[in-house]
Structure formats: structure tokens, C-alpha cells
Amino acid sequence: MEGTTTYVKRATIVNGATANIAFTNASGTEVKSNFITLGCSAAGAYTLVPSGIFTGYASMFGGEPDDYGDVVMSGAFKDTLEKGGRNGFGVAMLWQHDPSKPLGVWSSIDENSKGLKVVGQLAINTTLGKDAYELMKMGAVRGLSIGYRVAKDGAKYDEGKKIRKLKQVDLWEISPVT
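Read on for an overview of the structure. (Residues numbered from 1 in each chain as written. Predicted model: local features only at pLDDT ≥ 70, side-chain atom pairs only at ≥ 80, totals over all residues. Heavy atoms only, no water.)

1. Let's talk about the packing of aromatic side chains
Counted according to the given criterion, the structure contains two aromatic pairs. Between F61 and F77, the ring centres sit 6.2 Å apart and the planes meet at 35°, which makes this aromatic pair tilted. Placement of the pair is F61 in the loop between β5 (53-60) and β6 (70-72) and F77 in the loop between β6 and α1 (78-82), with a sequence separation of 16 residues. Across the pair, F77 and F61 agree in class, each one buried. (Phe/Tyr/Trp six-rings, centres within 6.5 Å; stacked < 30°, edge-to-face > 60°. Helix = DSSP H or I, 4+ residues; strand = E, 2+ residues; numbered from the N terminus. Buried < 20%, exposed > 50% of the residue type's maximum accessible area, 1.4 Å probe, protein only.)

2. Overview of the nonpolar core
Formed by 28 residues in total, the largest nonpolar core has its most connected members in F77, W106, L122 and I174. Of all elements in the fold, only β5, β7 (92-95), β8 (98-111), β9 (115-122), α2 (127-138), β10 (143-150) and β13 (169-177) reach the threshold of two or more residues within this core. Ranked by residues supplied to this core, first place goes to β10 with four residues. Non-local contacts of L122, meaning those with residues more than four positions away in its chain, are made with L48, G52, F54, M93, L103, G104, G129, A132, Y133 and M136. (Core = buried A, V, L, I, M, F, W, Y, C linked by side-chain atoms within 4.5 Å. Contact = heavy atoms within 4.5 Å.)

3. Thoughts on the sheet that holds β6
Taken together, the three strands give an open sheet; going across it, the order is β6-β12-β11, and neighbouring strands pair in mixed fashion. Edge positions in the sheet fall to β6 and β11 (155-158), since each has one partner strand and no second. Ignoring strand direction, the axes of neighbouring strands in this sheet form an average angle of 20°. (Pairing = 2+ DSSP bridges. Axes fitted to C-alpha atoms, helices over the stretch in contact; angles between N-to-C directions.)

4. Digging into the pattern of salt bridges
Taken as a whole and judged by the stated rule, the model has five salt bridges. D170 is paired through a salt bridge with R149; the nearest N and O atoms lie 3.8 Å apart. Taken together, the residues span a long stretch of sequence, with D170 in strand β13 and R149 in strand β10 at a distance of 21 residues. The class of R149 is partly exposed, set by a relative accessible area of 29%. Between E159 and K162 there is a salt bridge, with its nearest N and O atoms 2.7 Å apart. (Salt bridge = Lys/Arg side-chain N within 4 Å of Asp/Glu carboxyl O.)

5. Points about the environment of G90
Here G90 shows up in the loop between α1 and β7. Separated by 83 residues in sequence, G90 and E173 place their C-alpha atoms 8.5 Å apart. Ignoring anything within four residues of it in the chain, the contact list for G90 reads G84, G85 and W172.

What follows is the structure, given as C-alpha cells:
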């Protein structure tokens, strides 16, 4: 099934609690998500400024497997970032993974030793952008989550440990999420 199923994952951020959810989004796509709430820590918590610019980590490398048994490996986003995102059209910023609700743009998406670091700009002159800014500021929206598809041969399953190591993914979108 690799290469055909879309998965969505919340960033692994320090001081967080974990939960899982699976749902079908507005376009009928099944979405599976591992949620880890953002905490206030120097390593990973996003920062938000009044202009609507925010920074944080959309995915962290290595560590413990999520509740689906997945571990994102360093370099997993390299190819898709070099291609300019999904199909070369960039990586979308969506509200809660809803493709009918673009929220802003990503001005920077880079892999570093910790994970996928992002800098985003909310469209704060729109109703949705203003709402998202206020919800992020008050802590009602606490994390970032990625939407991707595992590339062909982009994962290796460790039968003994019951984990899937994601080596290459096609990054579609990153969403601020509750």
C-alpha cells in the first residue's frame, strides 16, 4: 500500500501528550494522524508574532515510534523538498488538513539535525487567517501536522520491533492543528 495512502502526522514536540485520530477529510481522503501537543520548550515549540509569522518543527527525526509504529528518519523529506513539494507545486499550508481552506504560505521548509523546521506566514488579512492567529496565540491550536505519502520503497519495516522507518516521503502539506 505504500505510495498510495496519505498519512498525516503531528510534529513531535517536547513536553507533549500523544493521541491518535483517523478521519475522512472534506475531499473524501482518509486521514490518519498522530497528535503530539506543543509544549513551551526551547527545542521545538513554535513561536508566533503579531504579523502572523511563526516557526516550529513539522516533524522530528528518530526517537520513539508513534502510535502507528512509524519513525521518520533524517533525510526523509530531502527529495520532495528538492522537487519543490508535491508535483513541484510547493507544500500547502492548510487549516486542519482541509484542502478547501488554505491558510497562508511556507516561507521556509528545511531539514536539520532535529527534523523538519518551518517558517510560515498566516494570511492574517483573511477571516480564516485572523481566526487561526487568535487560536494559535491563545493555545487552542497547539501543533503542526504533516500530510504526506510514503514514496515507493520509501519505508523499511522492522518485523522484530514492529516499526516502520520512513526513509522517503512525498510531502503534500503542513497544517496548524488542534
